[in-house]
Amino acid sequence: MATRDHEHPSGDAEPLSRRLQKGTPMAHKFKLGQRVRRARIGYADVKADPADVFEIVRLVPEDQTGEPFYRIKSGGGERAVREGEITLAS
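Criteria and thresholds
Sequence order as written defines residue numbering, which begins from 1 separately in each chain. Residues qualify for local features only when their pLDDT is at least 70, as the model is predicted, and side-chain atom pairs are given and counted only at 80 or more; totals for whole chains, interfaces and linings, by contrast, use all residues. The basis for every side-chain value is the complete set of heavy atoms in the structure, and neither hydrogens nor water enter the calculation. Only rings of Phe, Tyr and Trp enter the pairing, Trp through its six-membered ring, and a pair is recorded when the two centres are within 6.5 Å. The plane angle decides the type: under 30 degrees is stacked, over 60 is edge-to-face, the rest tilted. In this description a helix means any DSSP run of H or I spanning at least four residues, a strand means any run of E spanning at least two, and both kinds are numbered starting from the N terminus. For each residue, the accessible area found with a 1.4 Å probe, counting protein chains only, is set against the maximum for its type, and the residue is called buried under 20%, exposed over 50%, and partly exposed in between. Salt-bridge detection follows one rule: a side-chain nitrogen of Lys or Arg within 4 Å of a carboxyl oxygen of Asp or Glu. Charge assignment in this entry is limited to Lys and Arg as positive and Asp and Glu as negative, and neither His nor the chain termini are counted. Polar contact is the term for a pair of N or O atoms within 3.5 Å; when the atoms are in protein, one must be able to donate a hydrogen and the other to accept it, and sequence-neighboring residues count only if both atoms are side-chain atoms. For this analysis, residues touch if any pair of their heavy atoms sits within 4.5 Å. For two strands to be treated as a pair, DSSP must find no fewer than two bridges joining them. Orientation is described by axes fitted as lines to C-alpha atoms, over the contacting stretch for helices, and by angles from 0 to 180 degrees between their N-to-C directions.

Undergrad: So, the packing of aromatic side chains: which residues are in play, and what are the values?
TA: By convention here, two paired aromatic rings are described through the distance between centres and the angle between planes. Scanning the model with the defined rule gives one aromatic pair in all. Ring plane angle 70° and centroid distance 5.7 Å describe the contact between F30 and Y70, whose orientation is recorded as edge-to-face. Taken together, the positions of F30 in the loop between α1 (16-22) and β1 (35-38) and Y70 in strand β3 (residues 69-74) put the pair 40 residues apart, joining distant regions of the chain. The same class applies to F30 and to Y70, which are both buried.

This is how it looks when you write it as structure tokens:
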């Protein structure tokens, strides 16, 4: 079976590395309105409490590493976080 120029032999449209080079967005793991917690609290974030729950208010395109970003909000304000910095609140 012949493949088109944009198809990978495995049947995928394009390999992930090529999609990242072209800037094709990766899928976000979390959805708007979901409640999350910050997985890691930085040393400079002295007021942050790991028990704080945030709501995802915006899906942001990934950075140069390909990791999706989110805008999250709580009573204390709104901030941008990478996908690897948050976990789903139970």
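Undergrad: Run through the pattern of salt bridges, naming residues and quoting values.
TA: Considering all chains together, one arrives at three salt bridges under this definition. The closest approach of N and O atoms between D63 and R82, which form a salt bridge, is 3.2 Å. Separated by 19 residues along the polypeptide, D63 in the loop between β2 (54-60) and β3 and R82 in strand β4 (residues 77-82) bring together distant segments of the chain. Taking relative accessible area as the criterion, D63 reaches 16% and is therefore assigned buried.

Undergrad: Give a detailed account of the side chain of E83, specifying residues and quantitative values.
TA: Of note, E83 is situated in the loop between β4 and β5 (86-88). No salt bridge forms around the buried E83; measuring N to O, its nearest opposite-charge neighbour K29 is 5.9 Å away. Of the polar contacts made by the side chain of E83, one reaches the backbone nitrogen of K29; its length is 2.8 Å. Look past the residues within four positions of E83 in its chain and what remains in contact with it is A27, H28, K29, F30, E67, P68 and Y70.

Undergrad: Give a detailed account of the sheet that holds β3, specifying residues and quantitative values.
TA: Strand order across the open sheet formed by five strands is β4-β3-β2-β1-β5, with antiparallel pairing between neighbours. Single-partner strands in this sheet number two, and they are β4 and β5. If you compare each strand with its neighbour and ignore which way they point, the axes differ by 45° on average.

Undergrad: Break down the environment of K73 for me, citing the residues and quoting the values.
TA: Note that K73 resides in strand β3. Judged by its relative accessible area of 44%, K73 is partly exposed. K73 sits 37 residues away from V36 along the chain, and the two C-alpha atoms are 9.7 Å apart. Dropping the residues within four chain positions of it, K73 is found in contact with V53, F54, E55, V57 and E78.

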